[in-house]
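Each chain is listed here by its residues.
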Amino acid sequence: MSGFRLFDLNPAQEQAVRTIEGPLLILAGAGTGKTRVITMRVAYLVSQGIPPSDILAVTFTNKAANEMRERLATLLDSDVAKKVTMSTFHALCMRILRLDIDKLGYKKNFSIYDEGDTTGLIKKIITRTAARDEKLEPNVAKALISKAKNNGWNAPQDDKTLIGAVFARYQAELKTLNAVDFDDLLLLTVKLLNEHPDVRERWNNRFRFLMVDEFQDTNRLQLDLVSLLAKPVNAPPGARPNVAVVGDDDQSIYGWRGADMSNILEFEQHFPNPVVVTLEQNYRSTNTILGSANFLIKNNARRRAKSLWSARDGGAKVRIVQMPDDRQEAEFIANEIAQRIVTEPAKAEDFAVLYRMNAQSRSIEHNLRELHIPYRVVGGKSFFDAREIKDFLAYASCLLNTEDDVSVLRIINTPARGIGATLIERATEMSAVKGCSVFAILSDPEFRGSISKRATGAVDAFIELLDSFETKLHEPLADQAAVVRAFIQETGYLEDLHRTCKTPEEGLKRQSKVLEMIRWFEENQKKSDKGLRGFLDDMMLRQEKQEEEKKEGGDGVTLITLHAAKGLEFPHVYLIGLEEGLLPHDRSKVEGTVDEERRLLYVGITRAMRTLALTWCKNRVKYGGTMPTFVSSFVKELPAELVEHRDVSQILNEPVPETSVKGRFDSMLSFLDKL
DNA sequence: GGCGAATCGTCAACC
DNA sequence: ACGATTCGCC
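Residues numbered from 1 in each chain as written. Chains lettered and ligands numbered in written order. Predicted model: local features only at pLDDT ≥ 70, side-chain atom pairs only at ≥ 80, totals over all residues. Heavy atoms only, no water.

K.L.:
Provide a residue-level description of the overall build of chain A, including the pertinent values.
P.N.:
Scanning chain A for helices and strands turns up 32 helices and 18 strands. At 27 Å, chain A has a C-alpha radius of gyration in line with the 26 Å of a compact globule built from 675 residues. Taken along the three principal axes of its C-alpha coordinates, chain A extends 85 × 65 × 55 Å. By element, 52% of the accessible surface of chain A is carried by carbon and sulfur atoms, the whole surface being about 30,800 Å². Of the side-chain charges in chain A, 92 are positive and 96 negative, and the distance between the mean point of each set is 1 Å. (Helix = DSSP H or I, 4+ residues; strand = E, 2+ residues; numbered from the N terminus. Rg over C-alpha atoms; globule rule 2.2 N^0.38 Å. Areas by Shrake-Rupley, 256 points an atom, 1.4 Å probe, with all protein chains shown as cover. Lys, Arg positive; Asp, Glu negative; His and termini not counted. Charge placed at Lys NZ, Arg CZ, Asp CG, Glu CD.)

K.L.:
Please give an account of the protein's contact with DNA strand C that cites residues and values.
P.N.:
As a matter of local geometry, DNA strand C sits amid K123, R362, Y623 and G624. Split by residue class, the surface near DNA strand C holds 1 nonpolar, 1 polar and 2 charged. (Near = heavy atom within 4 Å. Nonpolar A, V, L, I, M, F, W, Y, C, P; charged D, E, K, R; others polar.)

K.L.:
Describe the packing of aromatic side chains, naming the residues involved and giving the relevant values.
P.N.:
Counting across every chain of the model gives 10 aromatic pairs. Between F60 and F89, the aromatic rings sit 5.4 Å apart at their centres with planes inclined by 65°, giving edge-to-face as the arrangement. You can see F60 sitting in the loop between β2 (55-59) and α3 (62-75) and its partner F89 sitting in helix α5 (residues 89-100), a full 29 residues away along the chain. F60 gets classed as buried once you look at its relative accessible area, which sits at 17%. Assessed through its relative accessible area of 2%, F89 is described here as buried. Summarising the aromatic geometry, the rings of F521 and F535 are spaced 5.0 Å apart at their centres and angled 35° between planes, so their arrangement reads as tilted. One end of the pair, F521, is in helix α26 (residues 504-527); the other, F535, is in helix α27 (residues 531-541), with 14 residues separating them in the sequence. Of the residues examined, F521 reaches a relative accessible area of 1% and is grouped as buried. Judged by its relative accessible area of 1%, F535 is buried. Aromatic ring contacts, followed pair by pair, group Y395, F469, F487 and Y493 into a single cluster. (Phe/Tyr/Trp six-rings, centres within 6.5 Å; stacked < 30°, edge-to-face > 60°. Buried < 20%, exposed > 50% of the residue type's maximum accessible area, 1.4 Å probe, protein only.)

K.L.:
Before we move on, could you go through unusual backbone geometry and cite the residues and values that matter?
P.N.:
Put simply, T414 and P415 share a cis peptide bond, and its omega is -5°. Residue placement: P415 occurs in the loop between α19 (405-411) and α20 (421-434). Across the junction of L583 and P584, the peptide omega takes the value 5°, indicating a cis bond. Summarising the element assignment, P584 is placed in the loop between β15 (570-575) and α29 (586-591).

K.L.:
Explain the side chain of K34 to me, and be specific about the residues and the numbers.
P.N.:
Relative to the assigned elements, K34 resides in helix α2 (residues 34-47). With a relative accessible area of 15%, K34 lands in the buried category. Excluding residues that lie within four positions of it along the chain, K34 makes contacts with A28, D213, E214 and V246. (Contact = heavy atoms within 4.5 Å.)

K.L.:
Give a description of the nonpolar core that names residues and reports values.
P.N.:
By size, the foremost hydrophobic cluster in this structure holds 98 residues, and its most contacted members are L185, L442, F462 and M517. With sequence-adjacent residues up to four places away left out, F462 is seen in contact with V408, I411, I412, R417, I419, F439 and L442. (Core = buried A, V, L, I, M, F, W, Y, C linked by side-chain atoms within 4.5 Å.)

K.L.:
Please provide a residue-by-residue account of the sheet that holds strand β8 (residues 275-279), values included.
P.N.:
Backbone hydrogen bonds are what pair the strands of a sheet, in a parallel or an antiparallel way. The strand order across the open sheet built from 6 strands is β3-β2-β6-β7-β1-β8, with neighbouring strands paired in parallel fashion. With partners counted over all chains shown, the strands left at the sheet margins are β3 (85-88) and β8, one partner each. When strand polarity is set aside, the average angle formed by the axes of neighbouring strands in this sheet is 15°. For strand β6 (residues 209-212) and strand β7 (residues 243-247), the ladder comprises 3 bridges, and the chain directions are parallel. Its bridge partner lying in β7, M211 is registered against A244. Docked against the sheet, helix α11 (residues 220-230) engages β2, β6 and β7, running at close to 165° with respect to β6. (Pairing = 2+ DSSP bridges. Axes fitted to C-alpha atoms, helices over the stretch in contact; angles between N-to-C directions.)

K.L.:
Describe the environment of V58, listing the residues and the values that go with them.
P.N.:
Positionally, V58 belongs in strand β2. V58 sits in the buried class, given a relative accessible area of 4%. Sequence spacing of V58 and T85 is 27 residues, and the spatial spacing of their C-alpha atoms is 8.2 Å. Setting aside its immediate chain neighbours within four residues, V58 contacts S87, T88, F89, L92, M211, V212 and D213.

K.L.:
Could you give an account of the packing of helix α18 (residues 387-400) against helix α24 (residues 480-491), with specific residues and numbers?
P.N.:
When two helices pack together, their arrangement is given by the angle between the helix axes and the distance between those axes. Interhelical geometry of α18 versus α24 gives an angle of 115° and a closest axis separation of 11 Å. Considered as vectors, α18 and α24 are oriented roughly perpendicular to each other. Crossing handedness for the pair α18 and α24: right-handed. Of the residues in α24, those in contact with F392, Y395 and L399 of α18 are V484, F487, I488 and T491. Considered class by class, the residues forming the contact of α18 with α24 number 6 nonpolar, 1 polar and no charged. (Parallel < 35°, antiparallel > 145°, perpendicular 65-115°, else oblique. Left-handed = near helix turned anticlockwise from the far one by under 90°.)

K.L.:
How would you summarise α2 if you had to cite specific residues and measurements?
P.N.:
Taking 1.5 Å of rise per residue, the 14 residues of α2 would be expected to cover 20 Å, and the 20 Å separating its terminal C-alpha atoms lies within 8% of that figure. Extensive coverage of α2 is indicated by the burial of 13 of its 14 residues. At the C-terminal side of α2, G49 shows a positive phi close to 95°. (Expected span 1.5 Å × (residues − 1).)

K.L.:
Describe the pairing of strand β11 (residues 318-325), and please don't skip the residues or the numbers.
P.N.:
Of all 8 residues in β11, 6 are buried, a share of seventy percent or more. In the sheet, β11 pairs with strand β18 (residues 643-647) via 5 bridges, with the strands oriented parallel. The residue of β18 that forms the bridge with V318 is V643. In this sheet, strand β16 (residues 608-622) lies alongside β11 in parallel orientation, the contact comprising 6 bridges. By the bridge assignment, M323 is partnered in β16 with C617.

K.L.:
Outline the pairing of strand β17 (residues 625-628), supporting the account with residue identities and numerical values.
P.N.:
Direction of pairing for β16 relative to β17: antiparallel, over a ladder of 4 bridges. When the bridges of β17 are listed, N619 appears paired with P628. Between β16 and the antiparallel strand that follows it, β17, lie 2 residues; Y623 among them carries a positive phi value of about 50°.

K.L.:
Help me get a handle on the packing of α18 against α27, residues and values and all.
P.N.:
At a closest axis distance of 10 Å, the pairing of α18 and α27 adopts a crossing angle of 140°. Classified by the interaxial angle, the pair formed by α18 and α27 is oblique. When the axes of α18 and α27 are compared, the crossing they make is left-handed. Residues L393, A396, S397 and L400 of α18 lie in contact with α27, whose contacting residues are L532, R533, L536, M539 and M540. Partitioning the contact of α18 with α27 into residue classes produces 7 nonpolar, 1 polar and 1 charged.

Dropping the structure here:
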C-alpha cells in the first residue's frame, strides 16, 4: 500500500487528502471533486499505515454511503475497503443502540417507528389528552417534537400546556412500546454516550479517524454525536481530534430537518484551529451554468463567500421554457429527450429531470413510458410507503417485539379477522390503564370478561397465530425466512391484498412487492447473520428504493427530487416547475426560509454538466382543478446574458437540426441500440 | 359490532 | 388524484 499515488489532484485537493491528523474543514463547492477527495483521503490514510477499521465515514444517505463504498473499492483491495466503516448517521446510531440501549431502560429488541407510525401515535395521544375545546394538529405537534429532539430536547415537557403534555406522553409511550423514532436514534445515542463514559470510551477506541460528509446538513445532535465520538472522555486540553468534515454552506437544504448551518459556519468554535481547505475549481459544469448558479446564490446573505471557476469555457445558454400547463411540460420534456437521444450523441442515462415534489414525477413517467424511453425514479418513498410493504414490516416487527403496539394494531385486523374498531379501542384503553402492551391485554382475564363470546374466539385465534410464529422464529437454527413466509401464508394476507385491489393487475403487483421483500430477506439471510432484526433495521432506515439490479444498457433517464439530487451530476438536466409557490414553495415564505429554497435551486442548477433547461407552466393541476401560476421569482435572479427565454410553441416550430441522411439512419440504429 | 362503500379534506423535502 | 373518515348495511 505504500506505493499509493495521489494522481490528478489539484493543490487544494491534495492538501485536503494529505492532512491526516487534527480537525480539518473542507469547504467543497458543488462539483469540486468532493467525493473523490473523501475516498482518496481514506485510501491515503490506509496507505500511511492507519488500520482501515479505525476509519469511520458518515454520510446522510444510503446512496452516498454506497457510492463511496464503490469508489473506495476501486482504490483499495476489496477486503481492505470493506473494513472501513461507511454509514449513515442513523445506521451508525442503530448499531450503537442495539448493543447498549438497555442502559437507558429500553430493551434491545426495540422497534423503529417511521413517519407514519409516529404521526399515528401522536394523533392518538392528542385525542386522549386534549380537552374538548383544545385543538392541536398532529403534524404540527410532530414537527415541534422533532425539532425539540434535534435541538437536544429543550422543550416544555409538562402538563401545563397541551403540547407539553403531548411531548411528555409521546416519549413515555414510545418507551413502553419499546420503540424509538428516527430522531431518537440520534437523541438516545447522544444520551447514551454522554451518560455512560465506558460506552463512549469503547467507541472512541473503535474509531480514531472520523470523516463527515455534507456537514452543512448536520443538526445539533449530529454535531454532538461527532464530538462525543471524536473527543476522548478525558482528553487533555488542546487535544486535536481527528475529525475531517466536508461541506458547502450554499448547499444546505435540510433546515427543515433541524440542520444548522452554523455547524459549518462556526466550525472553529467546536473544533479549534482546524486546517481549512477550500475547493473552488469545478470539474463538472460549463461556465454558463456555473455563472448562473453563482449569480443566483449571491442573493443569499449568510454564507461563506466562494468563487467557483471552471476550466471548461462557454457552453449553451440556460434555456427557460414557458409552457401552457404541466401536461405539456411533461410531454415536451419526454419528446425532447427522445429527439435528443436520436440527434445528439446522448444516451437516456445522460438526462435527468429534477423537481421540487415527488408528485411531479408522475406525469413525466407517463410520457416517458409512452415513448418507450427507459427511466428510473430515484427516492420517492413510494416503495416503502405502499401499504403492503408497511403491513409486511408491521407483521415482521410484531414477531420480534410483541410490545410494539403500533405494529400490532396495524395488522391485528388485517386481513379482517373479527377484531373491529370498538374491540381495539377497549383493548387500547385497558392497556393504557394497566400499563402493558395491547397484545398482553388480549390474554388478560379482565379484558376477556368484558367482551363477547365471538370476540373471544377471534382474539384467541390472533394470540395463537402470533405466539406460535414468534416461538418458531426464535427456535435455535430456525430458518427465519421460511418462518416469515409461512406466517404471511397463514394469515392469508396475500389473498386479502388481492381482494382489496380494484384490478387483478394491481393485486398482482402489490403481491409481488411483498414476495420480493421476502426474497430480499432470504438473500440477506444467506449473506449475513443479522437475522430478521437486522433486515428490518435496514429496511426502516432505507427510504430509498432498493438498489435495482443493474440492467444492461444503463438505467435510463433519472427522475429525482432536488433534495435527493444533491451530490449527483448529469450531462443534461431539466429542472421543472419553476413556479412561485412550488419553488420557492409557498410555505417557505411563511416560515422565512426562502434562502433555503434558493439554495435548493442552486443545488439543482449545479447538477448539470453540459446543458440545462428550466421549465415553468402558466397553469398547474392542483387539488384536482387547474390553477393559474406565475413564474418563480428566482428566474429573474439569473444573469440575463447567460439565459434565453423561450415559449414551448416556438421550440416546437423550429426545424429539427438536420443531419445527413446516413447520419440520421445511423443515429436511429443507435437509438434502438440504446433502448 | 364489524365490514365495505361513498365522501371529505389534503397536497414538501429525508433518515 | 389520493388516502383517511364517515355512513349505511349485514
